[in-house]
Structures are given as C-alpha cells and as structure tokens.
Amino acid sequence: MLKKPKKAKVIDEFKTHEKDTGSPEVQAGILTEQIKKLTLHLKKHAKDNHSRYGLLKMVAKRKKLLDYLKKEDEKRYEAVIKKLDLKK
C-alpha cells in the first residue's frame with residue numbers, strides 16, 4: 001500500500017480533471033508505484049512467494065488498464081507510457 005501523501009502526489013500527476021481519482025491514467029500510475037515498491041521488497045526477500053503472486057496480479061491489472069486506454073485513446077496512452085517510463 002502507498003501512503004496517503006505519495007498516493008496524492010501520483011493522483012495529482014496523472015489526473016485529467018480536478019476530482020479525477022479513477023481514470024485509467026491515475027490507476028496505472030498508482031499501480032506502477034506499488035509495483036516499484038513491491039519489487040524492492042522482493043529483491044530483499046526473494047522467497048516471499050505470496051508477495052510475488054500479488055506483484056504478478058498488479059502487473060496484469062496495469063497491462064489491462066493500459067490496453068483499454070490504448071484502445072480508447074492512443075494519444076493518452078502514449079502520454080501515460082512516456083510519463084511512467086514503460087516499454088510498449
């Protein structure tokens with residue numbers, strides 16, 4: 001879980017309008033931060049398979065969100081990929 005200040009910072013970075021907390025861009029940004037945090041944990045605790053399973057679920061959910069965004073609006077997809085520094 002991300003702490004409130006970190007999550008608010010991510011939401012501010014990716015929101016499309018003032019009260020936006022659920023757009024695909026925001027959700028992908030939050031998931032990316034959680035994935036980064038969990039990846040660091042797994043480097044230290046390599047045998048934590050329960051957390052590894054959670055990581056794989058988060059990666060799959062982010063991929064689904066980004067695929068949806070690509071299907072709906074290619075320009076927004078490209079912008080999010082660039083901001084998140086992800087491969088296509």
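Look up: the structure comes first, before these words.
Cut-offs used in this document
Residues numbered from 1 in each chain as written. Predicted model: local features only at pLDDT ≥ 70, side-chain atom pairs only at ≥ 80, totals over all residues. Heavy atoms only, no water. Core = buried A, V, L, I, M, F, W, Y, C linked by side-chain atoms within 4.5 Å. Buried < 20%, exposed > 50% of the residue type's maximum accessible area, 1.4 Å probe, protein only. Helix = DSSP H or I, 4+ residues; strand = E, 2+ residues; numbered from the N terminus. Axes fitted to C-alpha atoms, helices over the stretch in contact; angles between N-to-C directions. Parallel < 35°, antiparallel > 145°, perpendicular 65-115°, else oblique. Left-handed = near helix turned anticlockwise from the far one by under 90°. Contact = heavy atoms within 4.5 Å. Nonpolar A, V, L, I, M, F, W, Y, C, P; charged D, E, K, R; others polar. Salt bridge = Lys/Arg side-chain N within 4 Å of Asp/Glu carboxyl O. 1 Å grid on protein atoms, 1.4 Å probe; cavity = no way out; pocket = protein on both sides within 12 Å on 5 of 7 lines; lining within 4 Å. Points joined across faces, edges and corners; volume = space filled by probe spheres on them.

(A) Just the nonpolar core, in detail. Formed by 13 residues in total, the largest nonpolar core has its most connected members in Phe14, Val26, Ile30, Leu66, Tyr77, Val80 and Leu84. Among the elements of the structure, helix H1 (4–14), helix H2 (24–44), helix H3 (49–72) and helix H4 (74–84) are those that each provide at least two residues to this core. Considering each element in turn, this core owes the most residues, four residues, to H4.

(B) How the structure looks around the packing of H1 against H2. Following both chains from N to C, one finds H1 and H2 inclined at 140°, their axes separated by 9 Å at the closest point. What the angle tells us is that H1 and H2 run oblique. Here the hand of the crossing between H1 and H2 comes out right-handed. Note on element contacts: H2 touches H1 through Glu25, Val26, Gly29, Ile30 and Glu33, opposite Lys6, Lys7, Val10, Ile11 and Phe14. Grouping the constituent residues of the contact of H1 with H2 by class yields five nonpolar, one polar and four charged.

(C) Inspection of the pattern of salt bridges at higher detail. Throughout the structure, instances matching the rule amount to six salt bridges. The partner of Lys15 in a salt bridge is Glu18, and the shortest N-O contact between them spans 4.0 Å. Residue Lys63 is joined to Asp67 by a salt bridge in which the shortest nitrogen-to-oxygen separation is 3.0 Å. Of the two residues, Lys63 and Asp67 are both situated in helix H3; the distance of four residues between them amounts to about one turn of the helix. Exposure remark for Lys63: the relative accessible area of 51% places this residue in the exposed category. A single network of salt bridges, built from pairs that share partners, joins Lys6, Glu33 and Lys36.

(D) Quick look at the layout of surface pockets. The space that makes up the largest pocket amounts to roughly 150 Å³. For the lining of the largest pocket, the secondary structure elements donating two or more residues are H3 and H4. Here the element with the most residues in the lining of the largest pocket is H3; it accounts for five residues. A class-by-class count of the residues in the lining of the largest pocket yields five nonpolar, no polar and five charged.

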